[in-house]
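Okay, here's what each chain looks like letter by letter:
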Amino acid sequence: MSVHHENLRKVTTQRLLEMKLRGEKISMLTAYDFTMAQIVDLSGIDVVLVGDSASNVVCGNRTTLPITLNQMIFMSESVAKAVKRALVAVDMPFGSYQGNSREALASAIRIMKETHGDCLKMEGGEEIMESVKRILCAGIPVMGHLGLMPQSINKYGSYAVRAMDGEEAEKLLRDAHLLEEAGCFALVLEKIPAKLAKRVASELRIPVIGIGAGNGVDGQVLVLHDMLGLTQDFSPRFLRRYADLKSVMTKAIGQYIDDVKSGDFPNEREQY
Ligand code: KIV
């Protein structure tokens, strides 16, 4: 385990840029509550993302679309309270920025004021550029997100790899450059060919963080529940499971139930 207690200097967007320049890879994981965020931060992660994947793993929805701005704010506030070192990024949920750029800015300001997160993540390129620019103008750092954009699942029809054909790959490259030129400080690329992701990372000055985008990028992100093995019904090729916490928890809870039923818990030392 990489515990970096000695290195408590806060991670900033500027430090991520410096990491890219040094060739140091960026580590990023999601978290959605105080306790988990504290563990992730103390483990030495660089970026904690309050992802709208909370819609799936916290709220039990089939897609990321139903999660609301209020729900994202509720979770992000707890995460930001827990995190001392990592950069805290908050996903703007579906519907909070696609309408018009004034509404997008209002959503962004609510997130920043009410959660104390450090920056926002938004899915999309050219289509959301006006909103991205307006939010950046307010001094709020934005991380872009291209490739598989789960908020567009109803357009795609499946979670298959994106940008496999030339046209979509060209658009992704164009969008990546547009986001950098607009002033985004980093970019997430989800589920695209490794070769394309490597090209984007080499053409951009800002850090490119991949999920299912191969090893040629500047950092990696995974959903915490997936990499810890809390979820078991989601097994894409890119997911490496580092633990089987579902089994650990099931065993511990089963033992507790047995102890309660048998009268073994609480024993004399566990009562007053
Ligand atoms: O919502 C999320 O967890 C994400 C990551 C998968 C990048 O956007």
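The structure presented is a predicted model; accordingly, all values stated were derived computationally and were not measured. Each chain carries its own residue numbering, running from 1 in the written order of its sequence. Owing to the predicted nature of the model, reporting of local features is limited to residues with pLDDT of at least 70; listing and counting of side-chain atom pairs is limited to 80 or more, with chain, interface and lining totals taken over all residues. Remark: hydrogens and water are excluded; side-chain values derive from all non-hydrogen atoms of the structure.

Concerning the nonpolar core
Now for step 1: Each nonpolar core is a collection of buried residues, namely Ala, Val, Leu, Ile, Met, Phe, Trp, Tyr and Cys, held together in the definition by side-chain atoms within 4.5 Å. Each residue's exposure class comes from its accessible area (1.4 Å probe, protein chains only) as a fraction of the maximum for that residue type: buried when under 20%, exposed when over 50%, partly exposed otherwise. One finds Leu120, Val132, Ile135, Leu187, Leu189 and Val200 to be the most contacted residues of the largest nonpolar core, which totals 79 residues.
Now for step 2: Note on conventions: DSSP H or I runs of at least 4 residues are helices, E runs of at least 2 residues are strands, and numbering of each starts at the N terminus. It is helix 4 (residues 69–82) that provides the largest number of residues to this core, a total of six residues.
Now for step 3: Residues within four places of leucine 187 in sequence aside, it is in contact with Met143, Gly144, His145, Leu146, Ala176, Leu179, Val200, Leu204, Ile206, Pro207, Val208 and Ile209. A contact between two residues is defined here by any heavy atoms of the two lying within 4.5 Å.

Section: the layout of surface pockets
Now for step 1: A 1.4 Å probe that fits but cannot get out identifies a cavity on a 1 Å grid over protein atoms alone, an open set with protein on both sides within 12 Å along at least five of seven lines counts as a pocket, and a residue lines either if it has an atom within 4 Å of a point. Grid points are joined across faces, edges and corners, and a volume is the space filled by probe spheres set on the points. Of the pockets and cavities examined, the largest pocket occupies roughly 910 Å³.
Now for step 2: The wall of the largest pocket is formed by 31 residues, among which Met28, Leu29, Leu222, Met227 and Tyr242 lie closest to the centre.
Now for step 3: Secondary structure elements with two or more residues in the lining of the largest pocket: strand 1 (26–30), helix 2 (34–42), strand 8 (219–222) and helix 10 (224–227).
Now for step 4: The element contributing the most residues to the lining of the largest pocket is strand 1, with four residues.
Now for step 5: Residues are sorted three ways: Asp, Glu, Lys and Arg are charged, Ala, Val, Leu, Ile, Met, Phe, Trp, Tyr, Cys and Pro are nonpolar, and all the rest, Gly among them, are polar. The class makeup of the residues in the lining of the largest pocket is 19 nonpolar, nine polar and three charged.
Now for step 6: The calculated volume of the second largest pocket comes to roughly 640 Å³.
Now for step 7: Around the second largest pocket, the lining is made up of 31 residues, and of these Ser53, Asn56, Val223, Asp226 and Phe234 lie nearest the centre.
Now for step 8: At the level of secondary structure, the elements contributing two or more residues to the lining of the second largest pocket comprise strand 1, helix 3 (54–57), strand 4 (119–123), strand 6 (186–190) and strand 8.

Quick look at the domain arrangement of the chain
Now for step 1: Segmentation into domains, and thus their bounds, comes from an automatic or database assignment. Along its sequence, the chain is organised into domain 1 (3–241) and domain 2 (244–272).
Now for step 2: Spacing between the C-alpha centres of domain 1 and domain 2 amounts to 38 Å.
Now for step 3: Taken together, the contact between domain 1 and domain 2 spans four residues of the former and four residues of the latter.
Now for step 4: The buried area of a pairing is the accessible area, by a 1.4 Å probe, that goes missing from both parts when the two are put together, added over both. Between domain 1 and domain 2, the buried area comes to about 350 Å², and carbon and sulfur atoms account for 64% of it.
Now for step 5: Of all residues in domain 1, Leu228, Leu230 and Gln232 bury the most surface against domain 2, accounting for 88% of the area lost on that side.
Now for step 6: For this analysis, a salt bridge means a side-chain nitrogen from Lys or Arg found within 4 Å of a carboxyl oxygen belonging to Asp or Glu. There are zero salt bridges connecting domain 1 and domain 2.
Now for step 7: Counted as a polar contact is a pair of N or O atoms within 3.5 Å, where, for protein atoms, one must be capable of donating a hydrogen and the other of accepting one, and residues adjacent in sequence contribute only when both atoms are in side chains. Our enumeration of links across domain 1 and domain 2 arrives at three residue pairs in polar contact (both at pLDDT 80 or more).
Now for step 8: Partitioned by chemical class, the residues of the side of domain 1 that touches domain 2 number two nonpolar, two polar and no charged.

A closer look at the packing of aromatic side chains
Now for step 1: The aromatic pairing rule takes the rings of Phe, Tyr and Trp, using the six-membered ring of Trp, and pairs them if the centres are within 6.5 Å, calling planes under 30 degrees apart stacked, those over 60 edge-to-face and the rest tilted. This structure, assessed with the given rule, holds one aromatic pair.
Now for step 2: Pairing tyrosine 256 with phenylalanine 265 gives two aromatic rings, centres 5.9 Å apart and planes at 65°, and the pair type is edge-to-face.
Now for step 3: Among the residues examined, tyrosine 256 registers a relative accessible area of 48% and is labelled partly exposed.
Now for step 4: Since its relative accessible area comes to 37%, phenylalanine 265 is described here as partly exposed.

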